[in-house]
Amino acid sequence: MAEERIIVEGGTPLTGTVQVSGAKNSVLKLMAASILAAGTTTITNTPQISDVEIMADVLRHLGAEVSFNADTLTIDCSNLHSFEAPYELVNKMRASTAVLGPLIVRFGQARVSMPGGCQIGSRQMDLHFAALEALGVVFENKHGYINASVLPSGLKAGKVTLRFPSVGATENLMIVASSVPGATIIENAAAEPEISDLAQFLIAMGAQIEGQGTPVICIQGVDGYRPVSSYRTVGDRIEAGTFLVAGAVGGGPVTVQGFDPEHLRLPLKKLEAMGCSLEIAEQSVTISRQGNLQPVDLQTLPYPGFPTDLQTQFMVLAALSEGVSVITENIFENRFMFADELYRMGANIRIEGHHAIVEGVKRLSGAPVQASDLRAGAALVLAGINAEGSSIISEVRHIYRGYEDFVGKLRSLGATIE
């Protein structure tokens, strides 16, 4: 079977309204957390993306019953029988470590293959290990698997200070600490909106958590969890940011709805600095652009800093601006792999370490390009919307990992895309 590709004809203005789906970076963690409770949990606003399908298969392998109905996901974890997440499933998805904490709580042990997914940088598993070891978990990394077990003395509460505000380590800590008698304090915790969403989900399961969304999270352990009858996933801020960039490329006005604009405070400021006009409402943003794009400097940092997952999309805007932009990537060391493909489309980009110096051009040129990861794939499609002629994007399986009906949504805004 021939590999699926996305073909974009450039030069078409974009206007209209688009609805973002539930957050990929949240729903995968909610699915994993459902392991904690015997019974049926229902998650709504679930995006139909391949990573959700893979996580569903992981849960089925563990013994859960998982079903979809439109955007509603039903998970019955009454009869889990395995604590192993195998390589053939886990190597497809970077979020595989999300099941580590829940399995430790449910079974007292876990065997999880080292994570896969996009090749944008190494997964710092030592952050997870050090954090959970402070609560009484021991690890062995052997034959490509993480083997975790609880010390004979059991789990213990305490203060844990992360040396980096890792999202995954914070999530696993919250989950395990919620089951440990006593008070646990997480310092230098990740503050992303997806952390707050998971915390609210755990609270609905019976956990006692305070301070989520700040660098200090306080957790009082509880005895047992209950399934959640219905929980709505937070709107995807990265998908929203991607379509706002599309609106900036295509001129607009484009209204992106179904997310909290506060979750994109810094990217919205950068869009305004680049010459875009924004109308911000409670759950939507409308973007339009009349003049030329202006250069901007940005650096990726943990939330509330500029998100690494929007860096490639903004590089497209920088490549079309009137002047020189400097983009600094501080999170993933391989994220500039995307620049080589954008260069093939006529962009003027020079990489110096973890800095990209981008000198704007008037217009890009359509070319065959390849998506190296999820966000790079989306960014190449956006570049194609501007480019003269046709752009053919291959390896689009990456895009389907995190964007629901990406082609259909862009087509609804006027893009010539198939």
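All values derive from a computational prediction rather than experimental measurement. (Residues numbered from 1 in each chain as written. Predicted model: local features only at pLDDT ≥ 70, side-chain atom pairs only at ≥ 80, totals over all residues. Heavy atoms only, no water.)

J.: Mind showing me how you'd approach the overall build of the chain here?
T.: Of the regular secondary structure elements, the chain holds 14 helices and 24 strands. A globule of 418 residues ought to have a C-alpha radius of gyration of about 22 Å, and the chain, at 21 Å, matches this closely. Viewed in the frame of its principal axes, the chain has a C-alpha envelope of about 65 × 45 × 40 Å. Out of the 418 residues belonging to the chain, those deemed buried represent 58%. Partitioning the contacts of the chain with sequence separation of at least 6, the portion at a separation of at least 24 is 72%. Carbon and sulfur atoms make up 48% of the accessible area of the chain, which totals about 15900 Å². (Helix = DSSP H or I, 4+ residues; strand = E, 2+ residues; numbered from the N terminus. Rg over C-alpha atoms; globule rule 2.2 N^0.38 Å. Buried < 20%, exposed > 50% of the residue type's maximum accessible area, 1.4 Å probe, protein only. Contact = heavy atoms within 4.5 Å. Areas by Shrake-Rupley, 256 points an atom, 1.4 Å probe, with all protein chains shown as cover.)

J.: Any chance you could explain the sheet that holds strand β1 (residues 6-9) here in plain terms?
T.: Hydrogen bonds along the backbone pair up the strands of a sheet, which may run parallel or antiparallel. One open sheet accounts for 4 strands, arranged β22-β23-β1-β24; its pairing is mixed. In this open sheet, the two edge strands, each paired with only one partner strand, are β22 (368-370) and β24 (416-417). As paired strands, β1 and β24 are joined by 2 bridges and run antiparallel to one another. Across the sheet, V8 pairs through a bridge with I417, a residue of β24. Lying on the sheet, helix α12 (residues 374-386) is in contact with β1, β22, β23 (390-394) and β24; it crosses β1 at an angle near 30°. (Pairing = 2+ DSSP bridges. Axes fitted to C-alpha atoms, helices over the stretch in contact; angles between N-to-C directions.)

J.: What exactly am I supposed to notice about the sheet that holds strand β20 (residues 348-352) here?
T.: Pairing in this open sheet of 4 strands is mixed, and the strands run β18-β19-β21-β20 from one edge to the other. Of all strands in the sheet, those with a lone pairing partner are β18 (298-299) and β20, marking the two edges. Relative to strand β19 (residues 324-328), β18 runs parallel, the two being bridged by 2 bridges. Looking across to β19, one finds that Q299 is bridged to T328.

J.: What exactly am I supposed to notice about the nonpolar core here?
T.: Soluble, globular proteins show a tendency: their nonpolar side chains are buried together. Ranked by size, the top nonpolar core spans 71 residues in total, and within it M31, M55, I75, V99, L100, M174 and L202 carry the most contacts. Sequence-distant contacts of I75, that is, excluding residues within four places in its chain, are made with M31, S34, G39, T40, T41, I43, L59, A64, E65 and V66. Within the second largest apolar cluster, 70 residues are counted, among which are A378, L380, L413 and A415. (Core = buried A, V, L, I, M, F, W, Y, C linked by side-chain atoms within 4.5 Å.)

J.: It is not clear to me how the packing of helix α5 (residues 125-133) against helix α6 (residues 167-177) should be interpreted in this structure. Could you clarify?
T.: How two helices sit against one another is set out by the angle between their axes and by the gap between those axes. Close contact between α5 and α6 brings their axes to 9 Å; oriented N to C, the two are set at 25°. Judged on the interaxial angle alone, α6 and α5 are roughly parallel. Here α5 and α6 pass one another in a crossing that is right-handed. Residue-level inspection shows L127, H128, A131 and L132 of α5 in contact with α6, the latter providing G168, A169, N172, L173 and V176. Looking at side-chain class alone, the contact of α5 with α6 contains 6 nonpolar, 3 polar and no charged residues. (Parallel < 35°, antiparallel > 145°, perpendicular 65-115°, else oblique. Left-handed = near helix turned anticlockwise from the far one by under 90°. Nonpolar A, V, L, I, M, F, W, Y, C, P; charged D, E, K, R; others polar.)

J.: Before we go on, may I ask you to explain the pairing of strand β15 (residues 251-257) in this structure?
T.: When a strand is regular, its side chains alternate between the sheet's two faces. Of all the 7 residues making up β15, 5 are buried; the element is thus mostly covered by neighbouring parts of the structure. Both strand β2 (residues 14-19) and β15 contribute to a ladder of 5 bridges, which runs parallel. When the sheet's bridge partners are listed, Q19 is paired in β15 with Q257.

J.: Where do I start with the side chain of S26 in this structure?
T.: Along the chain, the position of S26 falls in helix α1 (residues 24-33). Of the polar contacts made by the side chain of S26, one reaches the side chain of D197; its length is 2.5 Å. Residues within four places of S26 in sequence aside, it is in contact with E194, D197, T233 and V234. (Polar contact = N/O pair within 3.5 Å; in protein donor to acceptor, adjacent residues only side chain to side chain.)

J.: Got a minute to help me understand the packing of helix α11 (residues 337-344) against α12 in this structure?
T.: The interhelical angle for the contact between α11 and α12, taken along N-to-C directions, is 20°, at an axis separation of 10 Å. Judged on the interaxial angle alone, α12 and α11 are roughly parallel. The two elements α11 and α12 cross, and the hand of that crossing is right-handed. Packed against α11, whose contacting residues are F338, E341 and L342, the element α12 presents A376, A379, L380 and A383 at the interface. A class-by-class count of the residues in the contact of α11 with α12 yields 6 nonpolar, no polar and 1 charged.

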